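Secondary and tertiary structure notes
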Amino acid sequence: MVSKKDTENLDLLPAKEELKAVYESYIPVLTTIKDNIEQSLKKSIQLASMPTYKSRVKTFQSYYRKIIRVKSCTEFHDRKLICLTDMIGIRIICAFLEDLSVVESQIKTLYDVKEIEHKGAAQNFREFGYESVHILITIPEDCIPDQLSAPYPPVTLPDELVCEIQIRTILQDAWAEVEHELIYKSEFSPFDMPLRRKLASINASLNLADIIFQEIRDYQKELQGQVAKRRESFYRQVDTMTQSFLPVPSQPAPEKNIQRISPYIRGTVDDLLLKGLQAHNNGDLPAAIKIYTDIIKSEPAPDDSVMTVIHKHRGMAYFAENKYDEALADFRESEKYSQTNFRTIYYEGIVNNIKSNYLQAIDCFTRSLELNEFQSHAHFHRAVAYYQINDYENALKDLAAAEKLGLKDEECDALYKKLSEKLDMEK
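To keep things clear, this report deals only with the structure shown in the data block. (Residues numbered from 1 in each chain as written. Predicted model: local features only at pLDDT ≥ 70, side-chain atom pairs only at ≥ 80, totals over all residues. Heavy atoms only, no water.)

When you go through the protein residue by residue, the secondary structure sums to 15 helices and five strands. Residues classed as buried in the protein amount to 43% of the 427 residues present. Within the protein, contacts between residues separated by at least 24 positions form 68% of all contacts whose residues are at least 6 apart in sequence. Here the protein has roughly 23700 Å² of accessible surface; of this, 53% comes from carbon and sulfur atoms. (Helix = DSSP H or I, 4+ residues; strand = E, 2+ residues; numbered from the N terminus. Buried < 20%, exposed > 50% of the residue type's maximum accessible area, 1.4 Å probe, protein only. Contact = heavy atoms within 4.5 Å. Areas by Shrake-Rupley, 256 points an atom, 1.4 Å probe, with all protein chains shown as cover.)

Side chains carrying opposite charge are able to pair once their charged atoms draw close together. In this structure the tally under the stated criterion is 19 salt bridges. With a shortest N-O distance of 3.0 Å, D294 and K290 are connected by a salt bridge. With a gap of four residues between them, D294 and K290 both fall in helix α8 (residues 285-297), about one helical turn apart. Within this structure, K54, R91, R168, D173 and E177 form a network of salt bridges that share partners. (Salt bridge = Lys/Arg side-chain N within 4 Å of Asp/Glu carboxyl O.)

A full pass over the atoms with the stated rule returns nine aromatic pairs. Taking the centre distance of 5.5 Å and the plane angle of 45° together, the rings of F331 and Y347 count as tilted. Here F331, found in helix α10 (residues 324-337), pairs with Y347, found in helix α11 (residues 342-354); they are 16 residues apart in sequence, far enough to count as distant. In this structure, F331 and Y347 share a single accessibility class: buried. Taken together, a centroid distance of 5.8 Å and an interplanar angle of 50° make the contact between Y346 and F365 tilted. Linking Y346 in helix α11 with F365 in helix α12 (residues 358-371), this pair joins segments that are 19 residues apart in sequence. Judged by relative accessible area, Y346 falls into the buried class, the value being 4%. (Phe/Tyr/Trp six-rings, centres within 6.5 Å; stacked < 30°, edge-to-face > 60°.)

Turning next to the environment of A361. Inspection of the secondary structure assignment puts A361 in helix α12. Relative accessible area serves as the criterion here: at 0%, A361 is assigned to the buried category.

Judged by side-chain polarity, L208, I211 and I212 come together as a nonpolar surface patch covering roughly 240 Å² of accessible area. Within the secondary structure layout, I211 lies in helix α6 (residues 193-245). (Patch = residues over 30% accessible without salt bridge, like charges linked within 9 Å, V, L, I, M, F, W, Y side chains within 5 Å.)

Next comes the structure, spelled out in structure tokens:
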């Protein structure tokens, strides 16, 4: 016998077709909101490696399966739209682990965040659930379409409507997609222990790959930072020497604060190079030269791409010690291994200028500019060399080219003044 309470509950059960009609009436508006938020994210999220985006509005079948699983009968009484937090979903897929926190932080500043969940953070190493950052945001006012002018019937958006933004790495997303098919959409979860171990090992392998990718990324950034710092030091020394010919007030360049990290593989050429650059940038030039020399003499011999880089760095270290003959020899060796490295040829020109080998300097700067014509400093230093051999017309042309490329400083003004005086005297 059916009780009165049971009858009331039966009355509250939702009619699927009614729910479908209500839900699908909202889909055009939800789709527009989803597109607007996605475009807003693409314009606002800033990363060195730009992420990719996936987005969707939940299908009715997926929506229906979830509401009858998570909602109670009493919530269907008014036949209005039943809100789920993931009806509008946008996924931001990043290259590296470090990007996840950056994107999360930027989203916090861009939107009204209602909830943040770090899925998978609490699981132990035996578990194989996916990892992801889930952020619920209030729908921004400027992302809600003007329904009066829209080509679909207007609807009333519930106050509790939100958009779910997921942040994952590429590998986390790959695992989540596969896991969704194997576990979530399957009629059974794997109880067999060998199968569970296989799934756990796959997940662990992907997590390890993410960690290794991040370590390599950190290593590259550290190496690039050290190279940039070393190059700035070289240019400052060149500028100091140029100022002896063109005396102008100088301001010391600001030092960059480079974060120290442990190299991901010890004893490799990359590891030794990083140690050499750190010694170089810390002013321990003999130690840097020894490390560079050890790399050059290592067995088996490094390939040409390594040799050109190491000779260039050792040449800079010799240059910093004012050992110009050794520096010039290293720069020439570097060029032998790569004749397209315009910077190495430019450095040769700098040393030739300092050694008063002005014709050789002009040749070096010319060859460097043939490889990369947008070098303002190469034009400037070739102008200095032309000035020294009394070729004032070519010096003036190079100085004009340097300024056109954006090099406008007191040294340029000083050289222009000297050239003007010489040209006036010749008239």
